[in-house]
Protein chains: 2
Amino acid sequence: MGQIKNYITENKERFLNELVELLKIPSISADTAYTKDVIAAAKFVEKSLQEAGCDSTEICETKGYPVVYGEKIIDKNLPTVLVYGHYDVQPPDPVDLWDSPPFEPVIKKTELHPEGAIFARGSCDDKGQMYMHVKAAEFMIRNNELPCNVKFMIEGEEEVGSDSLAEFLEDHKEKLSNDIILISDTGMIANDVPSITTGLRGLSYVEVEVTGPNRDLHSGIYGGAVPNPINVLNKMIASLHDENNHITIKNFYDKVAEVSAEERAEMAKAPFNLEDYKKTLDIADVQGEAGYTTSERYSIRPTLDVNGIWGGYTGEGAKTVIASKAYAKISMRLVPHQDPDEITELFTAHFESIAPKGVKVKVTPHHGGLPYVTNMDSLGYKAAAKAYETTFGKTPIPERTGGSIPIVALFEQVLESKTILMGFGLDSDAIHSPNEHFGVWNYLKGIETIPYFYKYFTELSK
Amino acid sequence: MGQIKNYITENKERFLNELVELLKIPSISADTAYTKDVIAAAKFVEKSLQEAGCDSTEICETKGYPVVYGEKIIDKNLPTVLVYGHYDVQPPDPVDLWDSPPFEPVIKKTELHPEGAIFARGSCDDKGQMYMHVKAAEFMIRNNELPCNVKFMIEGEEEVGSDSLAEFLEDHKEKLSNDIILISDTGMIANDVPSITTGLRGLSYVEVEVTGPNRDLHSGIYGGAVPNPINVLNKMIASLHDENNHITIKNFYDKVAEVSAEERAEMAKAPFNLEDYKKTLDIADVQGEAGYTTSERYSIRPTLDVNGIWGGYTGEGAKTVIASKAYAKISMRLVPHQDPDEITELFTAHFESIAPKGVKVKVTPHHGGLPYVTNMDSLGYKAAAKAYETTFGKTPIPERTGGSIPIVALFEQVLESKTILMGFGLDSDAIHSPNEHFGVWNYLKGIETIPYFYKYFTELSK
């Protein structure tokens, strides 16, 4: 593997240019207006797998967007690594808050990325991190350094709930058989503080609609006499948290796995500076569930957040109207062992129960995902830790993060194999936000580190 | 005046066609994209005043949209009626809820309008009702039936708070001098239950902005740990009403004129059927301040309603984001003797005081208006009552309505004259809503009734 550094130095420009081309494709899975672009991104990924040296590749159709598959089998008796990633991206809005167009990548230096960072939607989540694996495979295959078999499964619906993936896994269990699943769709604490994500929160995402009068009304003539759906929705949402920011949905916490004092103490060792945290976000104070630290609130505790709300007149100027309908998108982050479907049902029942008689309420589930925890004693975790030690010169910190990769739990259920999350992005990379970026150093460091995971995983598997 | 009926019969088609032409102009004052159309509507109105027989007309520039002025002075010693109306309209959205395009007027029969109603934005509020006065003047002037002097003052900023009118009144006190102001910008109880509006609520309209983190965040990574501006805004708005739907803003009710039990009993005589009310709006229950009837809630009591709210991701599908900002447009209807500016200050102080430390709050006043009450013993009220008795064969019911015509109080302050509100629309005409319409019968009945007001007011003034 010693040649990896030179290989990167020689091919750095090409590695960057190829990623830039992929980032130019607005593969927004949430918006059907971009269907052609999502498909174009899938084709781009298949071509890149062929160029990396895969024996066979395939664009596998699903009910939704296709899954790009590729494999390089060198010996059936050797272990097999299955790489998962996604080629779809989040919508870029609010677009006017981007310093450069979201799909016209530019490389700029930042305080945290002195060697420059690629600014574009999907640069970190997940095109950039997914493409590291394609380039790492290219190195191993072209230089006969591939120590085991590798399979790629790159999907196009991760940002909208991976709706087609469960069926895809069921239908291709044999083709996808593997010994370990490797994903880079998370972050690390800092460039000098490598970390491996050992826990992920689950997700329940719903859209609610509150209907008052059957038409928009003049607020002067009807104001104060009829149920205003916006006021009602506000009251209902406000009531979902009590004064301690505990979620009030009946039975919501029943299955929450409480984390032991010992484990909480262990996690507390991860470097975290509350003042820096507040400063970076420009907030005078944090806000969250009483009895837990900020890092616990976004990692080991379930939460409820409104992701979007709209109703009535939102244009320029003033309109004295009482809207007929008000809407909100609400997501709940879940922890072991909360079940998304069950939580969605609890939410729906609770939300309907708190609606005043004067309004009608409709709850539409969007998508969900199971929470997940990795075992630190597993071969996969050990191999990943050694890989980081080799290229970073430091032992990575095990970290539970708040994000969700719903399919990780699904993999364990259907493919019966564990997943290792080697993330190379930073929290400050603004994924899902305007000006998303991914450090050039991080991109190349990922390409450098990944081959060692293959090396150590194969050795430890003997 | 006896010829008025024949005159209407002979000119009915023309009266309708002229109004339809005016309604085709999208004179939306709230949206600067329609500036040219607002100006076009002003020119249309001036031309119509010339054709009606005014001696002089003028488009008077202001800091905002112009005021169209016209006059017919027959004798300085006779009384002068000043007609007020507006040629601007509310935005039509949500446009997709209109059965026909808002600016392509169509005449259709409805249950309440068996002779047909004109469907178009502004048909009732206020182009149709304003144009009745132009046609009534045309009749009186062309048939030498005008018993006194008449002046017209038709503005183009009523739907956005008449910002330029106060200065206009101050600058043209002499030109606008009058003995009574006549306005048709309200409604009546039913076609067989004529009514005169004796009370109007005032208005305070504000826009609020709540800022949490300095950028949109991934709800998985930050959810539960930072102040979510949408959740915070919801809590703040929810807290503006207590469990009895009393408004919680400090000192909000201090100056509210409590209505006597006698007067409340008098008002209770106006026909009102709660079941029909709920049925028309398709709501299972009404909602409002404890201790007051539905008709009291929208007439003699102040209220607070959210007219619009927005924040976060409101597009198709799901986006797991925590927004940086959330917004709402909030209006308060005021009663004698609440002062809009004072209420706006009370709201701002209160809203800022209830904001949690983690967010920043900005309150922007949009516009306001003073509440108003007409004296039933005035010459103007008596003349109007007699006019209705003549054409409807019934004594009109004095009615306090919830809407606001902010400038009515202003007229009394600056021009020192009272205003008579002769409204011919119905509450069900859906002003400010999709499918706004105005009954053809009501339009013609207005043209028939108005000349009698001039007759009786002149006689009673002798």
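Everything numeric here is computed off the predicted structure, so don't read it as measured data.

### Some words on the domain arrangement of chain A
Residue and element names in this part refer to chain A.
- Along its sequence, chain A is organised into domain 1 (4–200 + 371–460) and domain 2 (203–256 + 302–368).
- Centre-to-centre separation of domain 1 and domain 2, based on C-alpha positions: 35 Å.
- If you look at where domain 1 meets domain 2, you find 0 salt bridges.
- Taken together, the residues that form the side of domain 1 that touches domain 2 break down as 4 nonpolar, 4 polar and 2 charged.

### Brief notes about the packing of helix H2 (residues 35–52) of chain B against helix H3 (residues 127–142) of chain B
Residues and elements named next belong to chain B.
- Their axes nearest at 8 Å, the elements H2 and H3 cross at an angle of 20°. When the axis of H2 is compared with that of H3, the two are roughly parallel. Contacts from Phe 44, Val 45, Ser 48, Leu 49, Glu 51 and Ala 52 of H2 reach H3 at Met 130, Tyr 131, Val 134, Ala 137, Glu 138, Ile 141 and Arg 142.
- Residue composition of the contact of H2 with H3, grouped by class: 9 nonpolar, 1 polar and 3 charged.

### Digging into the relation of the copies chain A and chain B
- By a simple turn and slide, chain A fits onto chain B: the slide is 0.1 Å along the axis, the RMSD is 0.1 Å, and the turn is 180°. Taken together, the turn and the small shift mark the pair as related by a two-fold rotation axis.
- Comparing interface residues between copies, 100% of those in chain A also lie at the interface in chain B; the contact surface is shared.

### Focus: the sheet that holds strand E14 (residues 360–369) of chain A
- Across the sheet, 8 strands lie side by side as E14(A)-E9(A)-E13(A)-E11(A)-E11(B)-E13(B)-E9(B)-E14(B); this open sheet has antiparallel pairing. Bordering the open sheet on either side are E14 of chain A together with strand E14 (360–369) of chain B, each of which pairs with just one other strand. The sheet shows a mean angle of 20° between the axes of neighbouring strands, taken without regard to direction.
- One ladder, built from 8 bridges, connects strand E11 (residues 303–312) of chain A with strand E13 (residues 325–334) of chain A; its direction is antiparallel. Bridging across to E13 of chain A, Ile 309 of chain A finds its partner in Ala 328 of chain A.

### Focus on the UniProt feature "domain: Peptidase M20 dimerisation" (unreviewed entry) in chain A
- Using the residue numbers shown here, the UniProt feature "domain: Peptidase M20 dimerisation" (unreviewed entry) corresponds to residues 199–358 of chain A.
- Annotated as residues 199–358 of chain A, this span is 29% helix and 22% strand, and its ends, taken at the C-alpha atoms, are 43 Å apart.

### Comments concerning the pattern of salt bridges
- For the structure on display, the rule yields 46 salt bridges over all chains.
- For Glu 170 of chain A, the salt bridge is made with Lys 173 of chain A, and the minimal N-O distance between the two is 3.6 Å.
- Overall, the relative accessible area of 44% leaves Glu 170 of chain A in the partly exposed class.
- Between Glu 275 of chain B and Lys 278 of chain B there is a salt bridge, with its nearest N and O atoms 3.3 Å apart. Pair noted here: Glu 275 of chain B and Lys 278 of chain B are both in helix H8 (residues 274–281), with a separation of 3 residues, about one helical turn.
- Overall, Lys 278 of chain B belongs to the buried group, its relative accessible area being 12%.
- Linked by salt bridges that have partners in common, Arg 14, Glu 18, Lys 135, Glu 138 and Arg 142 of chain A make up one network.

### A word on the interface of chain A and chain B
- Contact residues are listed per partner, giving 91 residues for chain A and 91 residues for chain B.
- Summing both sides of the interface, chain A and chain B together bury roughly 7,800 Å²; the carbon and sulfur share of this comes to 51%.
- At the junction of chain A and chain B, the tally comes to 2 salt bridges.
- Ionic pairing is found between Asp 282 of chain A and Lys 360 of chain B, a salt bridge with its closest N-O pair at 3.4 Å.
- Joining chain A to chain B, the criterion identifies 50 residue pairs in polar contact (both at pLDDT 80 or more).
- Broken down by element, the side of chain A that touches chain B gets its largest block of residues, 10 residues, from E11 of chain A.

### Considerations on the side chain of Asp 216 of chain B
- Mapped onto the secondary structure, Asp 216 of chain B falls in the loop between strand E9 (202–211) and strand E10 (217–218).
- Within the structure, Asp 216 of chain B has its side chain in polar contact with the backbone nitrogen of Ser 324 of chain B (distance 2.9 Å).
- Sequence-distant contacts of Asp 216 of chain B, that is, excluding residues within four places in its chain, are made with Asp 93, Pro 94, Ser 433 and Pro 434 of chain A together with Val 321, Ile 322, Ala 323 and Ser 324 of chain B.

Rules used throughout
Residues numbered from 1 in each chain as written. Chains lettered and ligands numbered in written order. Predicted model: local features only at pLDDT ≥ 70, side-chain atom pairs only at ≥ 80, totals over all residues. Heavy atoms only, no water. Domains from an automatic or database assignment. Salt bridge = Lys/Arg side-chain N within 4 Å of Asp/Glu carboxyl O. Nonpolar A, V, L, I, M, F, W, Y, C, P; charged D, E, K, R; others polar. Axes fitted to C-alpha atoms, helices over the stretch in contact; angles between N-to-C directions. Helix = DSSP H or I, 4+ residues; strand = E, 2+ residues; numbered from the N terminus. Parallel < 35°, antiparallel > 145°, perpendicular 65-115°, else oblique. Contact = heavy atoms within 4.5 Å. Least-squares fit on C-alpha atoms with pLDDT ≥ 70 in both. Pairing = 2+ DSSP bridges. UniProt positions renumbered as here; feature names shortened; annotations may be inferred. Buried < 20%, exposed > 50% of the residue type's maximum accessible area, 1.4 Å probe, protein only. Buried area = accessible area lost by both parts, 1.4 Å probe. Polar contact = N/O pair within 3.5 Å; in protein donor to acceptor, adjacent residues only side chain to side chain.

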